Amino acid sequence: MIICNCNAISDRDFKKVAENSNASIKNCFSALGKKPNCGRCFTSINDIIQNVHSEYEQADKIKKSAA
Ligand code: FES
């Protein structure tokens, strides 16, 4: 699904770049070689970044509890 209409960037594209440890909205656009325009997509991108990071945290907890 397209999240950023200005740049035709999908949620999958943002998820891939959000997997970088220093992911931020600005870094996501840079990693995709795009620049933000209107900003209407920022909330959705932020949600994607937070979801990716909470998935990592949960995986880390499981990993630690199994060790
Ligand atoms: S919809 Fe993403 S910058 Fe406009």
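Conventions we followed
- Residues numbered from 1 in each chain as written.
- Predicted model: local features only at pLDDT ≥ 70, side-chain atom pairs only at ≥ 80, totals over all residues.
- Helix = DSSP H or I, 4+ residues; strand = E, 2+ residues; numbered from the N terminus.
- Expected span 1.5 Å × (residues − 1).
- Buried ≥ 20, exposed ≤ 12 C-beta atoms within 10 Å, placed from the backbone.
- Core = buried A, V, L, I, M, F, W, Y, C linked by C-beta atoms within 7 Å.
- Contact = placed C-beta atoms within 7 Å.
- Axes fitted to C-alpha atoms, helices over the stretch in contact; angles between N-to-C directions.
- Parallel < 35°, antiparallel > 145°, perpendicular 65-115°, else oblique.
- Left-handed = near helix turned anticlockwise from the far one by under 90°.
- Nonpolar A, V, L, I, M, F, W, Y, C, P; charged D, E, K, R; others polar.

Enquirer: Any chance you could explain the overall build of the protein chain here in plain terms?
Expert: Along the backbone of the protein chain there are three helices and two strands. Taken from the N to the C terminus, the helices and strands of the protein chain come in the order β-β-α-α-α. Overall, the protein chain is about 45 × 20 × 15 Å in size when its C-alpha atoms are taken along their principal axes.

Enquirer: When you look at helix α3 (residues 42–66) in this model, what are you seeing that I'm missing?
Expert: It helps to recall that an α-helix has 3.6 residues per turn; residues three or four apart then point in one direction. The first and last C-alpha atoms of α3 sit 36 Å apart over 25 residues, in line with the 36 Å expected at 1.5 Å per residue. Every buried residue of α3 is accounted for by I45, I48 and I49.

Enquirer: Can you help me understand the nonpolar core in this one?
Expert: Among soluble globular proteins, nonpolar side chains are generally buried collectively. Ranked by size, the top nonpolar core spans 12 residues in total: I3, C4, I9, F14, A18, A23, C28, F29, C41, I45, I48 and I49. Of all the secondary-structure elements, those providing two or more residues to this core are β1 (2–4), α1 (11–18), α2 (25–31) and α3. At three residues, α3 tops the list of elements feeding residues into this core. Ignoring any residue separated from it by four or fewer positions in sequence, one finds C4 in contact with I9 and C41.

Enquirer: Hey, could you run me through the environment of P36 in this one?
Expert: Structurally, the position occupied by P36 is in the loop between α2 and α3. Measuring from C-alpha to C-alpha, the distance between P36 and N7 comes to 7.7 Å, with 29 residues separating the pair along the chain.

Enquirer: Please explain the environment of F42 as it appears in this structure.
Expert: Within the secondary structure layout, F42 lies in helix α3. Exposure remark for F42: the 13 C-beta atoms within 10 Å place this residue in the partly exposed category. Remark: the alpha-carbon pair of F42 and I25, spanning 17 residues in sequence, is separated by 7.0 Å.

Enquirer: What exactly am I supposed to notice about the packing of α1 against α3 here?
Expert: One way to put it is that α1 packs onto α3 with a least axis distance of 9 Å and a crossing angle of 45 degrees. Put simply, α1 runs oblique to α3. Like other packed secondary-structure pairs, α1 and α3 cross with a definite hand, here right-handed. Across from D11, F14, K15 and A18 in α1, the residues of α3 making contact are I45, I48, I49 and V52. Split by residue class, the contact of α1 with α3 holds six nonpolar, no polar and two charged.

Enquirer: What is the right way to look at unusual backbone geometry in this model?
Expert: Leaving glycine aside, a negative phi is the common case for residues, and trans is the common case for peptide bonds. Even without being a glycine, A8 presents a positive backbone phi close to 50 degrees. Positionally, A8 belongs in the loop between β1 and β2 (9–10).

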